[in-house]
Amino acid sequence: VSTHSERSAQDAAKNPPAAGYITEIPYPIVYHRDLNPSLSTLALNHRGFSGPARGGAYSCVELGSAWGLSSLIHAAGNPAGHFIAVDFNADCIAAGRSIAADADLKNVEFVQADFATFATQPMPAFDMIFAHGVWTWVNDATRSQIIDVVSRHLKPGGLFYVSYNALPGNALAQSLRRLMRVGFNAATGPLSAKVEAGVTTAANVKTAGSAFFGNNPAIAQTFDHVIKTAPRDYLSHEYFNPDWHPFHHAEVAEALKRADLDFACSAHIIDHLDGVQLSPAARAQLAGATDVVARETLHDFFFNALFRRDLFTRGSSVAHPMRDQLMATRFVAGASVESFPRLVAHTMLGEIRPPAESGRAVLGALAAGPASATGLAQHAACAKFSPEHVLEALAFLAALGAIEPALPSEGEATRRDATARLNAAIAMRSMTGHAIDALASPITGGGVMVSRFDQAFLLAAKRGIDPIAFAATMKNAAQDAQIRQAYDRFERYTSPFLARLGIV
Ligand SMILES: C[S@@+](CC[C@H](N)C(=O)[O-])C[C@H]1O[C@@H](n2cnc3c(N)ncnc32)[C@H](O)[C@@H]1O
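Residues numbered from 1 in each chain as written. Predicted model: local features only at pLDDT ≥ 70, side-chain atom pairs only at ≥ 80, totals over all residues. Heavy atoms only, no water.

**Some thoughts on the site of the ligand**
Next, step 1: The immediate surroundings of the ligand are formed by 15 residues, with Tyr21, His32, Gly64, Asp87 and His132 found nearest.
Next, step 2: With respect to the ligand, the backbone of Phe88 contributes an N or O atom lying 3.3 Å from a nitrogen atom.
Next, step 3: Burial of the ligand by the surrounding chains reaches 96%, relative to a free accessible area of 590 Å².
Next, step 4: Split by residue class, the shell around the ligand holds seven nonpolar, six polar and two charged. (Near = heavy atom within 4 Å. Polar contact = N/O pair within 3.5 Å; in protein donor to acceptor, adjacent residues only side chain to side chain. Areas by Shrake-Rupley, 256 points an atom, 1.4 Å probe, with all protein chains shown as cover. Nonpolar A, V, L, I, M, F, W, Y, C, P; charged D, E, K, R; others polar.)

Now the structure itself:
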């Protein structure tokens, strides 16, 4: 394995990495919940497909991982699995490797390579390949290399996750980007100045009165409220990369046929539930779709889809009833029952909330600890709901991130050790340098957002030292009074929540 990484590093050194891709402004360090294999299994089961057995010895590759935070977290949370993060950005790969070394994680590998090189490396086939936030931001040749990786290195029956900016939701943004590129291309100086010039050009066109903004109020609003106010590191990568290509689902499905892939379902469970927002006429049209691509296309026009997270499978995309698997799935509550009124997701057609009665009852029952759908259906608090209603409530709560599927209890002690080591390594970095805002849970095998203050309090508790004094030693620490307030919130709300997830 290390020979392979070294070889890739040599190749990358020969061909300057990141050609045509922004490196001047580092990509933010972000955890992606949808890349948790356990969540892929839930999404697949929910749509009637079988998925990887939770906590199993599966191998997962993250293509274009940047810092690889998701791979690190999933490696710590799934010690039986093997995780490989691939990116041609040397700084990101070095940072990921150093966190893995500090946490003594042996089951995560960071490979500095471009996809073309990675595709040609001899290696055993993988169970899952993830490409999050890459497909839209690279050119045709690179997309083709991604397909080569999947063609050559995905096992039969394996899973490919690909996310991309979707059409029709990005049709106008495509034109707005073209406009912003005018200012960007004309400017000189550092990338940040060019990005600012791009935004200013579009702002000036809008202020001077343009039919593009005037006739398209939705893009005018996006520009004013999303783009102008966005953090510039995110904006640079989102819109100012040399490549930015939104796609219809049909185009992606067509391209992936070359790797023998069939679309299974969205990895984002909220997409499985948004049908409740459709009119009966729209639902009838979806139900009458002649094939999967037609159905997804109709869906995307009903919702004006902006972003898709698609799960493709290789050769096993026939749906079967998965009720037994779903009933046996154990869930753990991340959110408290008091937070129930605040559980909401927004789609292009409005709000989605969990069913009021069954949702609250299920979340309340989970406050006592992880339980399976079967267990919940027999719980006194859920007595008046059928197992189908319990499953429905669970799907909504999982879609909103209020609950997570739990891994089997076997192996929990090993997971606790590995996640504790990774969480300490992350917390040390958050205290002394760039904050990383997620930690790993040994219960879910996935990550959870935790602020740098809360990370300092957790570390202090592990070391048995004064949390407030310790938090005050972190880089750019706040005033004492603010730290005290943060500690008060931590003790009251965050600590019990993190305890449920095995992080405290
Ligand atoms: C928009 S970032 C997404 C990062 C991460 N997946 C996320 O969503 O947070 C795209 C990543 O793909 C990497 N990348 C782009 N083209 C690549 C190529 N041909 N080979 C390897 N990595 C590439 C970039 O360096 C960058 O880190």
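From this point, the discussion proceeds with the structure in view.
**Here we look at the confidence of the model for the chain**
Next, step 1: When pLDDT is averaged along the chain, the result is 92, and 95% of the positions lie at 70 or above.
Next, step 2: This stretch, residues 1–17, has a pLDDT under 50; its non-local contacts, to residues over four places away or in other chains, come to 23 contacts. (pLDDT = per-residue confidence, 0-100. Contact = heavy atoms within 4.5 Å.)

**Points about the packing of aromatic side chains**
Next, step 1: All told, the structure shown has eleven aromatic pairs when counted by the stated rule.
Next, step 2: Where Phe184 meets Phe240, the ring centres are 5.2 Å apart and the plane angle is 20°; that geometry is what we call stacked. Here Phe240 lies in the loop between helix H11 (232–239) and helix H12 (249–256) and Phe184 lies in helix H7 (residues 171–186), a separation of 56 residues in the sequence.
Next, step 3: Exposure remark for Phe184: the relative accessible area of 7% places this residue in the buried category.
Next, step 4: Judged by its relative accessible area of 1%, Phe240 falls in the buried class.
Next, step 5: Here Tyr487 and Phe490 contribute two aromatic rings whose centre-to-centre distance is 6.0 Å and whose plane-to-plane angle is 25°, an arrangement assigned as stacked. Of this pair, Tyr487 and Phe490 both sit in helix H23 (residues 480–500), three residues apart, which is roughly one turn of that helix. Per residue, the accessibility class of Tyr487 equals that of Phe490, and both read buried.
Next, step 6: Ring pairs connect the aromatic residues Phe212, Phe213 and Phe223, which therefore count as one cluster.
Next, step 7: One cation-aromatic arrangement involves Lys194 over Phe184; the distance from NZ or CZ to the ring centre is 5.0 Å.
Next, step 8: Directly above the ring of Phe453 sits Arg452, whose terminal nitrogen or CZ lies 5.2 Å from the centroid. (Phe/Tyr/Trp six-rings, centres within 6.5 Å; stacked < 30°, edge-to-face > 60°. Helix = DSSP H or I, 4+ residues; strand = E, 2+ residues; numbered from the N terminus. Buried < 20%, exposed > 50% of the residue type's maximum accessible area, 1.4 Å probe, protein only. Lys NZ or Arg CZ within 6 Å of the ring centre and 35° of its normal.)

**Notes on the pairing of strand S2 (residues 82–87)**
Next, step 1: Of all six residues in S2, five are buried, a share of seventy percent or more.
Next, step 2: Pairing analysis gives five bridges linking strand S1 (residues 59–63) to S2, with the strands arranged parallel. The partner of Ser59 across the bridge, within S2, is His82.
Next, step 3: When S2 meets strand S3 (residues 108–112), the two strands line up parallel, connected through five bridges. Its bridge partner lying in S3, Ile84 is registered against Glu109.
Next, step 4: On the question of chirality, the crossover connecting S2 to the parallel S3 by way of helix H4 (residues 90–102) is right-handed. (Pairing = 2+ DSSP bridges. Right-handed = clockwise from strand over helix to strand, strands pointing away.)

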